[in-house]
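If you want the building blocks of each chain, they are given just below.
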Amino acid sequence: MLNVAQIMEIMEARYPQRLQESWDKNGLIVGDPEQKVSKILLAVDPVAETVAQAIEDDYDMLITHHPLYLRGTSFVSRLDYKGRIVHDLIKSDVALMNAHTNADSAARGVAWALAQAVGIEGEPFDPIDEDEAGTARDLGRIGKLEAPQTLREFADLVAKALPAGPHGIFVGAPGGDLEAPVRTVAVSGGSGDSFLVRARELGADVYVTADLRHHPASEHLEEGGPALICGSHWATEWLWLPHLADDLEEAAEETGVQLQVDVSRFVTEPWNLHLETLG
């Protein structure tokens, strides 16, 4: 049986912490490195639902994309939800670790998984220092579809590729032209405002991301695009988890150990309902 420290080594080999952004936090949050691990649960967010699932279903470890504490804290009591999470995990002997922007950038990370889901192989926007294993990448991918589609057709493909949730997708086209041809696609999972200009510079016909704000998106489209497809933060990043599950199980098999890795299906978006406004 593997232990937490060995799982950390497997994660480090695929999602090295040197790839993380300077402001980010990644690694073991709660847990004993010597603790044995036979069952792992994967989720985007370390929230009450996913933590309860890990505890109630007897997982030894919960690996999430997002960190529990992005900024420092001086208090870990049960007076707030993060403190309760820490207490519950420790009492139940469930380790918690995360891989965030290091997983966004990795060769088989979040950006790569989103590219695969929408039908492109995808090359990095701006490749960063690449090591011998080809691990180092960056936060976005760009590539060509096998055949051109209209923006409307491609948006339908994206809607079917993303996991179901209340947010859905929003589509923006320069001049409102939903029949415009799409061949070159740029993607970045999670918050994507910062790559709007880069997607244009790279010649994308459409940019798929999440968390786009009104003014940056509006100004971008007024400048001529590319077209925008905005999913939810959770949905665009969840696509990575099944690939992570496969990679962890394969790595365990290579050491002669059987490891069960499951992906949480809880939708941990902050929204519960989406209604059209009719006023």
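The coordinates are above.
In this report, the structure presented in the accompanying data block is examined. For clarity, every value in this text was computed on a predicted model and none was experimentally measured.

Observations regarding the packing of helix 2 (residues 48–56) against helix 3 (residues 81–91)
Contact geometry of helix 2 with helix 3 gives a least axis separation of 10 Å together with a crossing angle of 5°. By the angle between their axes, helix 2 is roughly parallel relative to helix 3. Within the contact between the two elements, helix 2 uses Ala48, Val51 and Ile55 and helix 3 uses Ile85, Asp88 and Leu89. Residue composition of the contact of helix 2 with helix 3, by class: five nonpolar, no polar and one charged.

Here we look at the packing of aromatic side chains
Scanning the model with the defined rule gives three aromatic pairs in all. Between tyrosine 15 and tryptophan 240, the aromatic rings sit 5.5 Å apart at their centres with planes inclined by 90°, giving edge-to-face as the arrangement. Residue tyrosine 15 is found in the loop between helix 1 (4–14) and strand 2 (27–30), and its partner tryptophan 240 is found in helix 10 (residues 240–254); the two are separated by 225 residues along the sequence. Both rings, one in tryptophan 234 and one in tryptophan 238, keep their centres 6.4 Å apart while their planes meet at 45°; by these two values the pair is tilted.

Regarding the pattern of salt bridges
Under the definition given, this model contains eight salt bridges. Among the ionic pairs, arginine 141 bridges to aspartate 138, the shortest N-O distance being 3.8 Å. Aspartate 138 carries the same exposure label as arginine 141, and that label is buried. Among the charged side chains, a salt-bridge network with shared partners connects Asp126, Arg198 and Glu201.

Criteria and thresholds
Residues numbered from 1 in each chain as written. Predicted model: local features only at pLDDT ≥ 70, side-chain atom pairs only at ≥ 80, totals over all residues. Heavy atoms only, no water. Axes fitted to C-alpha atoms, helices over the stretch in contact; angles between N-to-C directions. Helix = DSSP H or I, 4+ residues; strand = E, 2+ residues; numbered from the N terminus. Parallel < 35°, antiparallel > 145°, perpendicular 65-115°, else oblique. Contact = heavy atoms within 4.5 Å. Nonpolar A, V, L, I, M, F, W, Y, C, P; charged D, E, K, R; others polar. Phe/Tyr/Trp six-rings, centres within 6.5 Å; stacked < 30°, edge-to-face > 60°. Salt bridge = Lys/Arg side-chain N within 4 Å of Asp/Glu carboxyl O. Buried < 20%, exposed > 50% of the residue type's maximum accessible area, 1.4 Å probe, protein only.

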